[in-house]
Amino acid sequence: MTATDQAATVTIPLLIDGRDVDGPITEVRNPARLTETVGGYATGDGASVDAAVAAAEAAFPGWAARPARDRAAALTLTADAIDADLANLSTLLTREHGKILADATAEIANTARTLRYYTGLADYASRETTTEDHRGRIVERRAAMGVVAVIVPWNYPVLLATLMIAPALVAGNTVVVKLPDNSPLALALVLRRLASAVEPGVVNVVAGSGQDVGAALTTHPRVRKVSFTGSTATGRAIMRDASVNLKNLSLELGGNDPAIVLDSATVDAQLIDELVRGAFTSTGQVCYAPKRLYVHRNLFDEFTEAFTAATDTLVVGDGLDPAVRMGPLNNRQQHRTVTDLIQASRSEGASVAEVGQYLDADADGGYFLRPTIVTGLRQNSALVQQEQFGPVVPILAYDTEDEAIALANDSEYGLAASVWSDDVDHAFDVGRRIQAGSVFVNIHRVGASDPSMPFGGFKQSGIGRGHGEIALDEASEVQILADRIDMHTKLTHPKKARP
Ligand code: NAD
């Protein structure tokens, strides 16, 4: 079986040691048209994980020994191939995921940009610091870890996988990537291009359920690190499983981001447009999106009215149609989760406004929901406490800044947050008091976190940081080489010099 990427359907085999491997095919349907098959992918099992890890381990010494600039060159080749196929990959991503074509195109373009960004960090990855003094010589360098397992969620599959894979490869590791259960096809095609730019075994691709194939990776004795992006519940399971042989871990997990609109903000079209885009881009299925809005009571009515009116202009439908601003949810389970949260809000007596309009009348043909705004909830309501990951957002009023900060911090999550104010310096001060890995001021949407900005969560939103140079640090070990150092020799503070 070989991969085909015609417009109609795409069938993806596993990729192990540079070779296609067959397996039972799982069908991928278009979430906007449930009768339409977009393609299928081969699923593996414990044996395919063993084979993939063995291939990655065998390829590791040769790959790690190559200069970092050579390794990085493979990323540039892949970025060029992605750019050349931008339209096809974006269309496929919309058809399998549901996000509108403009967002799918942005995700694929940002994937190429991310690959080039990490190409530019090759010298950082291979840096060595040498200290020489009367005690002898100390070399501090970074060493690759070995086989890294990369486990990917469905919401931004291509970009999020790349943010984990690119630093791992530039640092000298080999990878086994587990495709997400939903929306795996565009990613699989990108990975095939990446794999063809490196030696067999450097990039391997497996697929299958998390409990089966995912757990086989996270418990595998030859896997040295697990890089995971996904839900907090799965992150906990992975941390437990990876403890068996004490693997390194990077966990990018769920979020329930607060947005605080301060009394000092002006509720104008720009503020409203930014927050509407933040809350409803990709149908709200974004890890860092404003998921609960806290608005000063002085502005509450004005804000809620303007936010509702702007949201009402959103057109819902198949993301391939250029008139559509919001596609369907990606899958049945997510549709159910969000529907249940809306129902729970109604049962509590909250005011639930379903706005926007469907482009075509057959809303039952896909996992559609209209954008929904909920007021009248309490801080302990399910929609306020849980990550909805969908197109429904609660708005709550507060009276004092201390109260707003306390409400924002009243969560087990701490991924991102935003503060809205005309006084940017003051908003930064408020941001310093919020327990979140990123606090944005007057912006809170996809694109607010550049690939160069360390990204990750406080509390149960994760462990470690991705993006930026720090992702290379987390994909490598510090190694010291030292000669003749005697700890009883008097320690001075020598100057460090790069060779
Ligand atoms: P998920 O945790 O259900 O699945 C993610 C991946 O983990 C899938 O490939 C799945 O097959 C695999 N998996 C499931 N159980 C496993 C196990 N026991 N062992 C190993 N692998 C297992 O997440 P999802 O529904 O795909 O993604 C949505 C979630 O991801 C949301 O909570 C969102 O906030 C979060 N997310 C976080 C970030 C971030 O950067 N912090 C980015 C995107 C998404």
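None of the values given here were measured: they were computed from a predicted structure. (Residues numbered from 1 in each chain as written. Predicted model: local features only at pLDDT ≥ 70, side-chain atom pairs only at ≥ 80, totals over all residues. Heavy atoms only, no water.)

Undergrad: Would you mind showing me how to read the site of the ligand here?
TA: Neighbouring the ligand are 28 residues, the closest being Val-152, Ser-231, Thr-234, Leu-253 and Glu-387. Lys-178 has a polar side-chain atom sitting 3.0 Å from an oxygen atom of the ligand. A distance of 2.6 Å separates an oxygen atom of the ligand from a polar side-chain atom of Glu-387. Its free accessible area being 860 Å², the ligand has 89% of it covered by the protein chains. Counting residues per element, the ones that place at least two in the shell around the ligand are α8 (210-218), β12 (223-229) and α9 (232-242). (Near = heavy atom within 4 Å. Polar contact = N/O pair within 3.5 Å; in protein donor to acceptor, adjacent residues only side chain to side chain. Areas by Shrake-Rupley, 256 points an atom, 1.4 Å probe, with all protein chains shown as cover. Helix = DSSP H or I, 4+ residues; strand = E, 2+ residues; numbered from the N terminus.)

Undergrad: What am I meant to see in the UniProt feature "active site" (unreviewed entry) in the protein chain here?
TA: Per the UniProt record, the feature "active site" (unreviewed entry) sits at Glu-252. Along the chain, Glu-252 falls in strand β13 (residues 248-252). The contact partners of Glu-252, leaving out residues within four places of it in the chain, are Phe-228, Thr-229, Gly-230, Phe-455, Gly-456, Ser-461, Arg-465 and Gly-466. (UniProt positions renumbered as here; feature names shortened; annotations may be inferred. Contact = heavy atoms within 4.5 Å.)

Undergrad: Would you mind showing me how to read helix α14 (residues 401-409) here?
TA: An α-helix turns once every 3.6 residues. As a result, residues three or four positions apart point the same way. Those residues of α14 lying buried are Ala-404, Ile-405, Leu-407, Ala-408 and Asn-409. Buried residues along α14 sit against β14 (257-261), β15 (290-296), β20 (392-398), α15 (424-432) and β24 (458-459). (Buried < 20%, exposed > 50% of the residue type's maximum accessible area, 1.4 Å probe, protein only.)

Undergrad: Help me understand the pairing of strand β6 (residues 33-42), please; the structure alone is not making it clear to me.
TA: On a regular strand, each side chain points to the face opposite its neighbour's, so the side chains alternate between the two faces of the sheet. In this sheet, β6 lies alongside strand β2 (residues 10-12) in parallel orientation, the contact comprising three bridges. Bridged to Ile-12 within β6 is Tyr-41. Relative to β6, strand β5 (residues 25-30) runs antiparallel, the two being bridged by six bridges. Within β6, the residue paired with Val-28 across the bridge is Gly-39. From the end of β5 to the start of β6, which pair antiparallel, there are two residues. (Pairing = 2+ DSSP bridges.)

Undergrad: Explain the environment of Pro-394 to me, please; I cannot follow it from the model alone.
TA: Note on placement: Pro-394 falls in strand β20. Residues Pro-394 and Tyr-294, 100 residues apart in the sequence, show an inter-C-alpha distance of 8.6 Å. Setting aside residues no more than four positions away along its own chain, Pro-394 makes contact with Lys-291, Arg-292, Leu-293, Val-374, Leu-377, Leu-383, Val-384 and Gln-388.

Undergrad: I would appreciate a short explanation of the nonpolar core in the present structure.
TA: In this structure, Ile-165, Leu-169 and Val-175 are the most contacted members of the largest nonpolar core, which totals 60 residues. With nine residues, helix α7 (residues 185-196) is the largest single contributor of residues to this core. Formed by 29 residues, the second largest nonpolar core is a distinct cluster that contains Leu-329, Leu-341, Ala-350 and Ile-405. (Core = buried A, V, L, I, M, F, W, Y, C linked by side-chain atoms within 4.5 Å.)

Undergrad: Before we go on, may I ask you to explain a negative patch on the surface in this structure?
TA: Judged by side-chain charge, Asp-268, Asp-422, Asp-423 and Asp-425 come together as a negatively charged surface patch. Positionally, Asp-268 belongs in the loop between β14 and α10 (269-280). (Patch = residues over 30% accessible without salt bridge, like charges linked within 9 Å, V, L, I, M, F, W, Y side chains within 5 Å. Salt bridge = Lys/Arg side-chain N within 4 Å of Asp/Glu carboxyl O. Lys, Arg positive; Asp, Glu negative; His and termini not counted. Charge placed at Lys NZ, Arg CZ, Asp CG, Glu CD.)

Undergrad: How should the sheet that holds strand β7 (residues 128-133) be read in this particular structure?
TA: Across a sheet, paired strands are connected by hydrogen bonds in the backbone, their directions being either parallel or antiparallel. The strand order across the open sheet formed by three strands is β7-β8-β26, and the pairing between neighbours is antiparallel. Two strands lie at the open edges of the sheet, namely β7 and β26 (476-483), each paired on one side alone. On average, each strand axis in the sheet is inclined to that of its neighbour by 15 degrees, with strand direction left out of account. (Axes fitted to C-alpha atoms, helices over the stretch in contact; angles between N-to-C directions.)

Undergrad: Any chance you could explain the sheet that holds strand β19 (residues 372-375) here in plain terms?
TA: The seven strands are arranged β17-β19-β20-β15-β14-β22-β23 in an open sheet whose pairing can be described as mixed. The sheet is open, and its two edges are formed by β17 (351-354) and β23 (438-441), each paired on a single side. Each neighbouring strand pair of the sheet contributes to a mean axis angle of 20 degrees, computed without reference to strand direction. Packing against the sheet, helix α12 (residues 332-347) makes contact with β17, β19 and β20, and its axis sits at approximately 140 degrees to β17.

Undergrad: I keep staring at the environment of Val-202 and nothing clicks. Help me out?
TA: Its location among the elements puts Val-202 in the loop between α7 and β11 (203-206). The buried category is assigned to Val-202, whose relative accessible area is 0%. On a C-alpha basis, the gap between Val-202 and Leu-472 in space is 17 Å, while along the polypeptide they are 270 residues apart. Contacts of Val-202, omitting those with residues within four sequence positions, involve Ala-59, Trp-63, Leu-169, Thr-174 and Val-175.

Undergrad: Which parts of the structure should I look at to understand the domain arrangement of the protein chain?
TA: By a frequent convention, interface size equals the accessible area lost on bringing the separate parts together. Domain annotation for the protein chain reports domain 1 (10-253 + 461-482) and domain 2 (257-441). Between the C-alpha centres of domain 1 and domain 2 the distance comes to 31 Å. With 23 residues of domain 1 in contact, the opposing surface of domain 2 contributes 27 residues. Summing both partners gives a buried area of about 2000 Å² for domain 1 against domain 2, and 56% of it is carried by carbon and sulfur. Summed over the three residues of domain 1 that lose the most area to domain 2, namely Ile-100, Trp-154 and Ser-461, the buried surface amounts to 26% of that side. Counting every contact that joins domain 1 to domain 2 gives one salt bridge. When the shortest N-O distance is used, the salt bridge between Asp-318 and Arg-33 registers 2.7 Å. For the side of domain 1 that touches domain 2, the elements supplying multiple residues, two or more each, are β6, α3 (86-97) and α4 (101-119). The leading source of residues in the side of domain 1 that touches domain 2 is α3, at five residues. When the residues that make up the side of domain 1 that touches domain 2 are grouped by side-chain class, the tally is eight nonpolar, nine polar and six charged. (Domains from an automatic or database assignment. Buried area = accessible area lost by both parts, 1.4 Å probe. Nonpolar A, V, L, I, M, F, W, Y, C, P; charged D, E, K, R; others polar.)

Undergrad: Explain the confidence of the model for the protein chain here, please?
TA: Detailed conclusions should not be drawn from predicted coordinates in areas where pLDDT is low. Taken over all residues, the pLDDT of the protein chain has a mean of 95, while the share at 70 or more is 95%. By mean pLDDT, the top-scoring element of the protein chain is strand β10 (residues 174-178) (99), and the lowest-scoring one is strand β1 (residues 4-5) (42). With pLDDT under 50 throughout, residues 1-7 is counted as low confidence; its partners more than four residues away or in other chains account for 22 contacts. (pLDDT = per-residue confidence, 0-100.)

Undergrad: Please clarify how the pairing of β19 should be interpreted in this entry.
TA: The two faces of β19 match: Thr-372 and Val-374 on one face and Ile-373 and Thr-375 on the other face are all buried. In terms of strand pairing, β17 meets β19 through four bridges, oriented antiparallel. Looking across to β19, one finds that Val-352 is bridged to Val-374. Pairing geometry for β19 and β20, over four bridges, is parallel. The residue bridging Thr-372 from the neighbouring strand is Val-392, located in β20.

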